[in-house]
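Residues per chain, in single letters:
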Amino acid sequence: DSSAIDFAIDGEGAGEELDLESSDDDPEATTLSLDEDDNTEVMVFAFDLSAEDSDGDVTLNEITLTATVTNPGTTADDLDDLVNDVRIEIGGDSFDAEAYTGATTTSLVFDIDGDATIAADEKTTVMVYVDFENMDDSSYEGSTIILGVNASAVEAEGADSGEDIT
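Criteria and thresholds
- Residues numbered from 1 in each chain as written.
- Predicted model: local features only at pLDDT ≥ 70, side-chain atom pairs only at ≥ 80, totals over all residues.
- Heavy atoms only, no water.
- Helix = DSSP H or I, 4+ residues; strand = E, 2+ residues; numbered from the N terminus.
- Buried < 20%, exposed > 50% of the residue type's maximum accessible area, 1.4 Å probe, protein only.
- Contact = heavy atoms within 4.5 Å.
- Areas by Shrake-Rupley, 256 points an atom, 1.4 Å probe, with all protein chains shown as cover.
- Polar contact = N/O pair within 3.5 Å; in protein donor to acceptor, adjacent residues only side chain to side chain.
- Patch = residues over 30% accessible without salt bridge, like charges linked within 9 Å, V, L, I, M, F, W, Y side chains within 5 Å.
- Salt bridge = Lys/Arg side-chain N within 4 Å of Asp/Glu carboxyl O.
- Lys, Arg positive; Asp, Glu negative; His and termini not counted.
- Charge placed at Lys NZ, Arg CZ, Asp CG, Glu CD.
- Pairing = 2+ DSSP bridges.
- Axes fitted to C-alpha atoms, helices over the stretch in contact; angles between N-to-C directions.
- 1 Å grid on protein atoms, 1.4 Å probe; cavity = no way out; pocket = protein on both sides within 12 Å on 5 of 7 lines; lining within 4 Å.
- Points joined across faces, edges and corners; volume = space filled by probe spheres on them.
- Nonpolar A, V, L, I, M, F, W, Y, C, P; charged D, E, K, R; others polar.
- Core = buried A, V, L, I, M, F, W, Y, C linked by side-chain atoms within 4.5 Å.

### Comments concerning the overall build of the protein chain
- Tallying secondary structure elements over the protein chain gives one helix and nine strands in all.
- Reading the protein chain from its N terminus to its C terminus gives the helix and strand order β-β-β-α-β-β-β-β-β-β.
- Across the 166 residues of the protein chain, 34% fall into the buried class.
- Look at the contacts in the protein chain between residues 6 or more apart in sequence, and 79% of them connect residues 24 or more apart.
- Here the protein chain has roughly 9,600 Å² of accessible surface; of this, 38% comes from carbon and sulfur atoms.

Below, the structure is given as structure tokens:
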């Protein structure tokens, strides 16, 4: 037959997409009153990961947050001075930060290792919880912790293709 047929070849994973977005669940900056005898866990940060424009499901492998600590005094505190643990929740599953060395700026790595998947056409909120140390030392009063995430710090892959999504 002399009829022409047009077709396109898409590379594996070509339609898989993951977007990092701000979340309505992200709390406003606030002053926390911490117990001097017991640790206090508080949800301090939230962001959305969206596969709404993806042709397939997206599997999360690793998320890295940046924590910056400041103190209005003469020197900044280390994260270890203020925080016992940091964890994230994704779709009801909880992931603790890998071991980290406290510093004024610290990378917090969460190894998800494929244990969380975002369905195509869906969005999920990642909630960050900080377990603050007891505050029996008044020199830490006025300390500030700022958490952030960069899109390049979210490692994911297409659930079907296994191809990396950036």
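Resuming the write-up.
### What about the side chain of Arg87?
- Along the chain, Arg87 falls in strand S4 (residues 83-90).
- Only 2.8 Å separates the side chain of Arg87 from the side chain of Glu89, close enough to count as a polar contact.
- A distance of 3.2 Å separates the side chain of Arg87 from the side chain of Ser94, its partner in a polar contact.
- Not counting residues up to four positions away in its chain, the partners in contact with Arg87 are Glu41, Ser94, Phe95, Asp96, Phe110, Met127, Val128 and Tyr129.

### Observations regarding a negative patch on the surface
- Judged by side-chain charge, Asp35, Glu36, Asp37, Asp38, Asp136, Asp137 and Glu141 come together as a negatively charged surface patch.
- When you line up the elements, Asp37 lands in the loop between strand S1 (19-22) and strand S2 (40-50).
- Assessed through its relative accessible area of 56%, Asp37 is described here as exposed.

### Quick word on the sheet that holds S1
- As summarised here, the arrangement of the five strands in space is S1-S2-S7-S4-S5, forming an open sheet in which the pairing is antiparallel. What marks the edges here is a single partner per strand, and that holds for S1 and strand S5 (93-96). Taken over all neighbouring pairs, the strand axes of this sheet differ in orientation by 30° on average, direction set aside.
- Taken together, the four bridges between S4 and S5 define a ladder with antiparallel strand orientation. When the sheet's bridge partners are listed, Arg87 is paired in S5 with Asp96.

### Looking at the layout of surface pockets
- The calculated volume of the largest pocket comes to roughly 810 Å³.
- Residue lining of the largest pocket: 29 residues in total, with Thr30, Leu32, Phe132, Ser143 and Ile145 positioned closest to the centre.
- If you list the elements that add at least two residues to the lining of the largest pocket, you get S2, strand S7 (123-132) and strand S8 (144-158).
- Residues belonging to the lining of the largest pocket are distributed by class as follows: 16 nonpolar, seven polar and six charged.

### Regarding the nonpolar core
- Counting 35 residues, the largest nonpolar core has Leu60, Ile88 and Leu108 as the members making the most contacts within it.
- Sorting the residues of this core by element identifies S2, strand S3 (58-70), helix H1 (79-82), S4, strand S6 (105-118), S7 and S8 as the ones contributing at least two each.
- In terms of residue count, the dominant contributor to this core is S3 (six residues).
- The residues touching Leu108, leaving out its near neighbours within four places in the chain, are Ile63, Thr64, Leu65, Ala67, Leu79, Val86, Ala97, Tyr100 and Leu147.

### Side note on the sheet that holds S3
- On the basis of which strands lie adjacent, the open sheet formed by four strands has the order S6-S3-S8-S9 and antiparallel pairing. The sheet is open, and its two edges are formed by S6 and strand S9 (164-165), each paired on a single side.

### Things to note about unusual backbone geometry
- You will see that Asp113, though not glycine, has its phi angle at about 50°, which is positive.
- Even without a glycine there, the phi angle at Asp121 is positive, about 70°.
- Position of Asp121 relative to the elements: it lies in the loop between S6 and S7.

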